[in-house]
Amino acid sequence: MALRTADQYREGLKDNRKIVMLGNTVEDVTEDPYLKVGVETAAFDFLMGHDPEMQEISVMKDPETGEDISTYFEIPDTPEHVHKRYNLVQSACHYADGALPFVKDVGTDIMNGLLAVARIMGNKTYERRINDYRKYCAQKDLSMCGVVTDVKGDRSKSPSQQESPDYYLRVVDETEDEIVVSGAKAHITASAYTDEMIVIPTRNLSESEAEYAVAFAIPVDTKGVIQICRPSFRYEDKSHFPTPRPKRGHVEALVIFDNVRVPKERVFLLREWQFAQYAAYAFTAFHRFTAVTYKIPIIEYFTGVGMLAADANGIQKASHVREQFVRMINYIETVKALAEAAMVEPENLGDSGLYVANRLRSNMAKLYFASNFHEFIRDIQDLAGGLVVTQPSYPDWQRDDLRPYLERYMGGAGNYTAEERLKLMSMLHHLVASDFAGWHEVCTIHAEGSFAAQKMMLMAEAPMEMYKERAKALLGLNV
Ligand SMILES: Cc1cc2nc3c(=O)[nH]c(=O)nc-3n(C[C@H](O)[C@H](O)[C@H](O)COP(=O)(O)OP(=O)(O)OC[C@H]3O[C@@H](n4cnc5c(N)ncnc54)[C@H](O)[C@@H]3O)c2cc1C
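Not measured: the values here are computed from a predicted model. (Residues numbered from 1 in each chain as written. Predicted model: local features only at pLDDT ≥ 70, side-chain atom pairs only at ≥ 80, totals over all residues. Heavy atoms only, no water.)

Chemist: If you had to explain the environment of P242 to someone new, which residues and values would you point to?
Modeler: Here P242 is to be found in the loop between β10 (225–229) and β11 (252–263). When the C-alpha positions of P242 and Q316 are compared, they lie 25 Å apart, and in sequence the two are 74 residues distant. Beyond its immediate stretch of four places on either side in the chain, P242 contacts Y394 and K423. (Helix = DSSP H or I, 4+ residues; strand = E, 2+ residues; numbered from the N terminus. Contact = heavy atoms within 4.5 Å.)

Okay, here's the thing in C-alpha cells:
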C-alpha cells in the first residue's frame with residue numbers, strides 16, 4: 001500500500017475501539033469535539049507525504065518494495081540519521097501549525113529502542129519480529145502511540161512490593177501462540193486516534209517480577225483495551241477570536257488492558273526481566289531527543305506571540321521589557337544550542353548499530369527546557385497584561401451593540417486595531433492562561449520523563465571520572 005492520505009487515516013479510525021470521553025462512549029473519534037483536535041493535528045503526518053514541498057524530508061523508498069513510505073520508519077543505522085530526524089520532526093511541527101503530529105515519532109522511537117534491545121540481547125527472534133512489525137507499519141502507513149508509563153501505585157515500591165499486583169502491566173496467562181496481559185498505562189498521548197499501540201515496561205525489574213517484563217504491539221481496537229480520555233479544548237472554538245487555522249493539540253488517555261490477548265509474533269520481550277530497564281532506557285535515548293526537537297518550534301511561536309503583545313501594548317522599547325526579551329531569546333537559543341550540540345557526536349547505542357543523539361546533551365536540553373519554561377511563561381503573562389484573563393470574548397465582539405464600545409476602548413499601540421489586539425490577547429489566553437496552558441506547564445515537566453529522570457541520565461552519562469582525573473593530575477594526587 002502506498003502512503004495513506006489524511007482521509008484514509010481518518011477512515012481507518014472508524015473501527016471497534018473502546019473510547020470514553022467525559023463519561024460518554026465515543027462512537028467516532030473523528031467527530032468527537034475534543035478528540036477531533038488530536039485527529040486533525042495527527043492528520044498532518046499524512047498530509048506531509050502528499051505535499052510536494054514536504055516529500056523530500058518526509059518520504060523515502062521502501063528498501064524492499066521500492067514503494068514510498070514515511071521516513072519515520074527509516075532504521076537509524078548511520079550517524080547522519082540523527083540530523084535527518086531533527087529536520088523531520090521540526091518540519092512536521094512547523095507544518096502542523098506549531099504542534100507535533102505525534103503519531104509516528106514516538107512509535108518509531110520505541111521500535112528503534114526495541115531493535116537495539118533485541119540486538120544487545122542477541123535475540124534473533126525478537127529482532128526479526130520487530131523488523132517485520134516495522135515493515136508492516138511502514139507498508140500499511142499506520143500511526144502508532146507509545147505506551148510506557150504504568151499507573152505505579154506507591155512510587156517507593158517495585159511491582160512485586162505493591163499492595164495490588166495491578167499497578168504495573170503484566171502477563172497473566174500464556175498459550176502456545178499468545179500471551180494474555182492485564183494492567184493499565186497512564187497519560188498515553190494520541191492513543192485514541194492511532195492505529196497501533198506499542199507497549200514496553202517503564203522501569204527496572206527483579207527476577208521475581210519477570211511477569212512484568214513484557215513488550216508488545218497490538219491494534220488499538222483489540223478486545224479488552226478500554227481508553228478513558230481527558231477533555232482539552234474543543235475543535236469548534238466559539239469563544240476565542242477566530243484564526244485562519246484551528247488550534248492544534250493532543251489528548252491523553254488512561255489505557256486499560258483487561259485480559260488482552262497478544263499474538264506471539266507481536267511480542268518483543270517476554271519475562272527477560274534483566275532487559276526491562278534497558279528497554280525503557282533505549283526508548284528514552286531516542287525519544288528525549290525527539291522531545292527537545294519538537295519543543296523548539298513551540299517556544300519560538302510562544303515568543304513571537306509574546307513579542308507581538310509587547311508591540312500591541314506599546315512597551316517594546318521599555319528597558320524591563322527588553323530584559324524580558326533577552327531572557328526569552330536566551331531560553332530559546334540555549335535549548336536550540338543544546339539540541340544541536342546533541343547532534344554533533346551521535347552515539348552507537350550499546351553497540352547495537354543504531355545511532356542516537358548524544359545522550360548527555362539531549363538530557364541537558366530537556367532539563368534546561370523544563371526547568372525554565374514556567375519563568376518563560378511568566379514573562380509572557382507579564383508582557384500581555386491582565387487582559388489575557390479578563391478580555392471580552394468573541395461572541396461579545398460580534399454583537400452590534402457592543403462592538404463600537406470595544407472598538408473605542410480596546411485599541412492598542414501603533415497600527416493595532418481593537419480587533420487585532422483582542423485577537424492577540426485571545427490567542428495568548430489560550431497559550432498562557434487557559435486549561436491548555438496549565439496542561440503545557442505540566443507536560444513540560446513530566447512528558448518524556450520528569451526532572452529526576454533527566455538528572456539520573458546526567459549522572460549516568462557525564463564523564464565524572466575524567467573531571468576527577470584531570471583535577472588529580474593538576475594537584476599531583478595519587479588517590
Ligand atoms: C502531557 C503528557 C503526555 C504524556 N504522554 C505519554 C505517552 O504518550 N506515553 C507514555 O507512556 N507516557 C506519557 N506520559 C507520562 C510521563 O512520561 C510521566 O508523566 C512521567 O514519566 C512521570 O510519571 P508520573 O506522571 O507517574 O509521575 P511520578 O513518577 O509519580 O512523579 C511525581 C514525582 O514523584 C517523583 N518520584 C517518582 N518515583 C519516585 C521514586 N521511586 N522515588 C522518589 N521520587 C519519585 C518524581 O521524580 C516526581 O517528582 C505523558 C505525560 C504527560 C504529562
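Chemist: Describe in detail the packing of aromatic side chains, supporting the description with residues and values.
Modeler: Scanning the entire structure with this criterion turns up 20 aromatic pairs. Centroid distance Y278 to Y281: 5.2 Å. Interplanar angle 45°. Geometry classified as tilted. One end of the pair, Y278, and the other, Y281, are both in helix α8 (residues 276–313), three residues apart, so they sit about a helical turn from each other. With centroids separated by 6.2 Å and ring planes inclined at 15°, the aromatic side chains of Y331 and F369 adopt a geometry described as stacked. Pair noted here: Y331 is in helix α9 (residues 319–344) and F369 is in helix α10 (residues 359–384), with a separation of 38 residues, a long-range link. Y331 gets classed as buried once you look at its relative accessible area, which sits at 3%. Judged by its relative accessible area of 3%, F369 is buried. In this structure an aromatic cluster arises from ring pairing among F302, Y331, Y368, F369, F373 and F376. For R266, the ring lying beneath its charged end belongs to Y136, and the centroid distance is 4.7 Å. Just above the ring of W397 sits the side chain of R403; from NZ or CZ to the centre is 6.0 Å. (Phe/Tyr/Trp six-rings, centres within 6.5 Å; stacked < 30°, edge-to-face > 60°. Buried < 20%, exposed > 50% of the residue type's maximum accessible area, 1.4 Å probe, protein only. Lys NZ or Arg CZ within 6 Å of the ring centre and 35° of its normal.)

Chemist: I'd like a description of the site of the ligand, backed by residues and values.
Modeler: Near the ligand there are 17 residues, and of these G146, V148, T149, R155 and T189 occur at the shortest range. K152 places a side-chain nitrogen or oxygen 2.9 Å from an oxygen atom of the ligand. With respect to the ligand, the side chain of R155 contributes an N or O atom lying 2.7 Å from an oxygen atom. Protein chains shield 64% of the accessible area of the ligand, which is 960 Å² for the free molecule. For the shell around the ligand, the secondary structure elements donating two or more residues are β5 (144–147), β7 (178–189) and α15 (435–446). Considered class by class, the residues forming the shell around the ligand number seven nonpolar, seven polar and three charged. Split by domain, the residues of the shell around the ligand number at least three in each of domain 1 (6–277) and domain 2 (281–469). (Near = heavy atom within 4 Å. Polar contact = N/O pair within 3.5 Å; in protein donor to acceptor, adjacent residues only side chain to side chain. Areas by Shrake-Rupley, 256 points an atom, 1.4 Å probe, with all protein chains shown as cover. Nonpolar A, V, L, I, M, F, W, Y, C, P; charged D, E, K, R; others polar. Domains from an automatic or database assignment.)

Chemist: Report on the sheet that holds β7, specifying residues and quantitative values.
Modeler: Taken in spatial order, the six strands of this open sheet run β2-β1-β10-β11-β7-β6, and their pairing is mixed. Each edge of the open sheet carries a strand with a single partner, namely β2 (24–25) and β6 (170–174). With four bridges connecting them, strand β1 (residues 18–21) and β10 associate as parallel partners. Directly across from V20, in β10, lies its bridge partner I228. (Pairing = 2+ DSSP bridges.)

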